[in-house]
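Descriptive analysis of the structure
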Amino acid sequence: MAALNILEIDGSRVEIFEGPDAACGSAARRIEEAIRKGVERRGKAVLGLATGATPIRLYEKLVEKHRAGGLSFRKVSTYNLDEYYPIGPCDTRSYRSFMVQHLFSHIDLPANQGHVFDGSVPEGAVEEHAKAFDGWIESDGGLDWQLLGLGRNAHIGFNEPSDLTVDKAIRLPSRAVELKAETRELYAEEFGGIDRVPTRALTVGVAQILAAKEIVVLAFGPNKAEPVAKSLLGPIVAAVPGSLLRTVAEKVVWMLDQDAARLLKV
Ligand code: GLP
């Protein structure tokens, strides 16, 4: 289904849909198109993927398209935005498990082309692993298409709010980070108490995200209205990581449901 409303806010395209299902249908068509273009242009497509509740319906749509026979991932490489640290890849709460459950086990993506940070690398190798992840993306020719969700504090990937200058924030590489208390609280139930939620994570850096040729942000539900409004209407600051996307506004599409768009006053 088409968007109910399309806006341009400070150079970014904002598409507002009746609900998450319609937005995910449209995002799935964008991914299909990115894959087709990438394969046509250079024999492969490189996608940046996200986890969380937001993209689950989108992954279902991709699986449906694959099963219907029209969409193959054989020439696709994927790079996930983030992973907790430390966490075992088989832990059901790991983002690796999430991707296997919701996408990888249902499609024809070759096993060595679906990349998620390894939350079980030794402590001394964490930074090296994060750096290597950036290296893999670059040696794959960079991201054709990046999918983003938005944290309630407007984080992108696990790039949490900070007091860095914008200039520094947009250059952040992939790295290990400390998670904010407000982020960990959201996962307390899943992990059986806040004390059990990992305090750290690995994230693709803001620089790599902004370098993608096309960026799609999905945000649904009333809890996302504030981070969406701050990201699109407030000042561009590292304290609101979503606002950093406006430094590359012309290649960003925000796909929202009506609840998440509520404070945009449309
Ligand atoms: C999580 C993840 C992000 C995700 C965001 C939104 O913390 N690190 O990659 O996009 O927060 O999650 P959700 O879609 O569940 O609201």
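Attention now goes to helix H9 (residues 225-233). All of the buried residues along H9 are Ala225, Pro227, Val228, Ala229, Ser231 and Leu232. Contacts made by the buried residues of H9 are with strand E1 (5-9), strand E2 (12-17), strand E10 (215-219) and strand E11 (252-257).

This paragraph deals with unusual backbone geometry. Residues Tyr85 and Pro86 are joined by a peptide bond in cis, for which omega reads -5°. Within the element layout of this structure, Pro86 appears in the loop between strand E5 (82-85) and helix H3 (95-102). In the Ramachandran plot, Asp10 falls in the positive-phi region, its phi being about 50° despite a non-glycine side chain. Here Asp10 is to be found in the loop between E1 and E2. The partly exposed category is assigned to Asp10, whose relative accessible area is 48%.

Before going further, it helps to spend a moment on the nonpolar core. If you look at the biggest cluster of nonpolar residues, it comprises 79 residues, and the most contacted ones within it are Leu58 and Leu245. Of the residues forming this core, the biggest block, eight residues, is contributed by helix H1 (residues 20-42). For Leu58, the contacting residues outside a window of four places in its chain are Cys24, Ala27, Ala28, Ile31, Leu147 and Leu218. Membership of the second largest hydrophobic core comes to nine residues, among which are Tyr84, Phe158, Phe191 and Ala201.

Turning to the sheet that holds strand E9 (residues 200-203), a few remarks are in order. Judged by pairing direction, the sheet is antiparallel, and its three strands sit side by side in the order E5-E9-E8 without closing on themselves. Each edge of the open sheet is held by one strand with a lone partner, namely E5 and strand E8 (175-178). Taking the axes of each pair of neighbouring strands and ignoring which way they run, one obtains an average angle of 30° across the sheet. Each of E5, E8 and E9 is contacted by helix H4 (residues 126-139), which is oriented at about 120° to E8, the strand it contacts most.

Taken as a whole, this structure holds 19 salt bridges when the rule is applied. When the shortest N-O distance is used, the salt bridge between Glu40 and Arg36 registers 2.8 Å. In this pair, Glu40 and Arg36 both sit in helix H1, four residues apart, roughly one turn of the helix. Classification of Arg36 by relative accessible area gives partly exposed; the value is 41%. Notably, a salt bridge pairs Glu226 with Lys230, separated by 3.6 Å at the nearest N-O pair. One end of the pair, Glu226, and the other, Lys230, are both in helix H9, four residues apart, so they sit about a helical turn from each other. A single salt-bridge network, built from bridges that share partners, covers Asp21, Arg57, Glu60, Lys61 and Glu64.

Conventions adopted
Residues numbered from 1 in each chain as written. Predicted model: local features only at pLDDT ≥ 70, side-chain atom pairs only at ≥ 80, totals over all residues. Heavy atoms only, no water. Buried < 20%, exposed > 50% of the residue type's maximum accessible area, 1.4 Å probe, protein only. Helix = DSSP H or I, 4+ residues; strand = E, 2+ residues; numbered from the N terminus. Contact = heavy atoms within 4.5 Å. Core = buried A, V, L, I, M, F, W, Y, C linked by side-chain atoms within 4.5 Å. Pairing = 2+ DSSP bridges. Axes fitted to C-alpha atoms, helices over the stretch in contact; angles between N-to-C directions. Salt bridge = Lys/Arg side-chain N within 4 Å of Asp/Glu carboxyl O.

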